[in-house]
Amino acid sequence: MLVGELVEESVDGLVEGRAGELVLGDAADVLRAAEEVAEGRAVVHGFANFYAVTARADRAVVERVNLLKGLPAGQTGSVTTVPSAVPGLFDWTRLPEELPRRQVRSLLEELYELGPFGFRGPAAGRVPGHLTAVADGVRTVRVIAPGRDCPSNAFFAAALERTGAEFLFITSANRSRQLPHWRAEGVVADFGPEPGMRVLAHADDAVARRGYPHHEPVSTSVVSFHRPAGRGRSGLPAITLERQGSLSADHIRSIAANHGFALALAPGAAPRPRARAYVPVPGGGRDDAAGVPRAGVQAR
């Protein structure tokens, strides 16, 4: 199946309405969801303009969530944390001299201010092995962050406080080889019946999407800066776009240039995916809250 190819999903199992969900932005619900994380459960939650799954970063928990999604248990996980802790997940002493630390950090900051994004860089020593991958001889970590203005940051802060950790495991809210959900009804239908899962929904999915006009509601774009990718036509040192995602390559390229970098697409990188499509429930009209998802293919 090609990237972005769509197939109809059955309406069977769709949860009627949104009763029983926790709501992102409600302080009591956020605290309840954080307690669920501390107890070892996974929370499917609003994340910028789509949905993600967050849990403790323990190996056993990561393996369980991977299996639930239909992935290999040992697949390397990504991490997330609150805005102030993101830089501390990287070992800045291991940046190559072609990629100056100050310029890389200013680039990451601008991308983070704009909205959801992913960053791969040299991993700090305290990041465990099941959350790191060796790339080009460098031990790296991939950080997936929702952007500074997303209310999910309050959920992360509460979960970190209750777990005593510096970071959490995160993955997109989808089954293997399907596109991530960007509507609460989709995640409730897909993950609500699963034991050990909790849904923390956007208060309004449409409002959440409108808050990120430059981003598609798909998995984040990911840039890597653990090594230079040669030089661009301008002669600037290049960072790598390892995954095309919510923010377009052209947009990332223009921002990178402002910080002294060119952008190189990783060899073999998949095309930018389309957003998951939803079809109306029979008789339900065209309202976003009355649909069921259609699946598409996308990497985790």
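Residues numbered from 1 in each chain as written. Predicted model: local features only at pLDDT ≥ 70, side-chain atom pairs only at ≥ 80, totals over all residues. Heavy atoms only, no water.

What follows is about the overall build of the protein. Scanning the protein for helices and strands turns up 7 helices and 15 strands. A total of 300 residues make up the protein; the buried ones form 53% of that total. At a minimum sequence separation of 6, the contacts of the protein that also span at least 24 residues come to 72%. Working note: accessible area of the protein is about 12600 Å², and carbon and sulfur atoms make up 51% of it. (Helix = DSSP H or I, 4+ residues; strand = E, 2+ residues; numbered from the N terminus. Buried < 20%, exposed > 50% of the residue type's maximum accessible area, 1.4 Å probe, protein only. Contact = heavy atoms within 4.5 Å. Areas by Shrake-Rupley, 256 points an atom, 1.4 Å probe, with all protein chains shown as cover.)

Take the confidence of the model for the protein next. Taken residue by residue, the protein gives an average pLDDT of 88. The fraction at 70 or more is 87%. Long-range and interchain partners of residues 1–19, a stretch whose pLDDT sits below 50, account for 45 contacts in this model, where long-range means more than four residues apart. Throughout residues 283–300 the model reports pLDDT below 50, and contacts reaching past four residues in sequence, or to other chains, amount to 70 contacts. (pLDDT = per-residue confidence, 0-100.)

Across all of its chains, the model carries 1 cavity of 30 Å³ or more by this definition. Here the largest cavity defines a volume of roughly 160 Å³. Along the walls of the largest cavity sit 18 residues, with Ile 144, Ile 170, Thr 171, Ser 172 and Arg 243 positioned nearest its centre. Among the secondary structure elements, those contributing two or more residues to the lining of the largest cavity are β4 (50–55), β8 (138–145) and β9 (168–172). Element by element, the count of residues in the lining of the largest cavity is highest for β9, at 4 residues. Classifying every residue of the lining of the largest cavity by side-chain character gives 6 nonpolar, 9 polar and 3 charged. (1 Å grid on protein atoms, 1.4 Å probe; cavity = no way out; pocket = protein on both sides within 12 Å on 5 of 7 lines; lining within 4 Å. Points joined across faces, edges and corners; volume = space filled by probe spheres on them. Nonpolar A, V, L, I, M, F, W, Y, C, P; charged D, E, K, R; others polar.)

On to the environment of Glu 113, then. Along the polypeptide, Glu 113 turns up in helix α3 (residues 101–114). As a C-alpha pair, Glu 113 and Arg 148 span 35 residues in sequence and 5.6 Å in three-dimensional space.

By size, the foremost hydrophobic cluster in this structure holds 50 residues, and its most contacted members are Phe 90 and Phe 225. Not counting residues within four places of it along the chain, the set of residues in contact with Phe 225 comprises Phe 90, Trp 92, Leu 95, Pro 96, Leu 99, Val 104, Leu 108, Phe 119, Arg 120, Gly 121, Pro 122 and Ile 239. Core analysis: the next-biggest nonpolar cluster, separate from the first, contains 26 residues, Leu 160, Leu 200, Tyr 212 and Val 222 among them. (Core = buried A, V, L, I, M, F, W, Y, C linked by side-chain atoms within 4.5 Å.)

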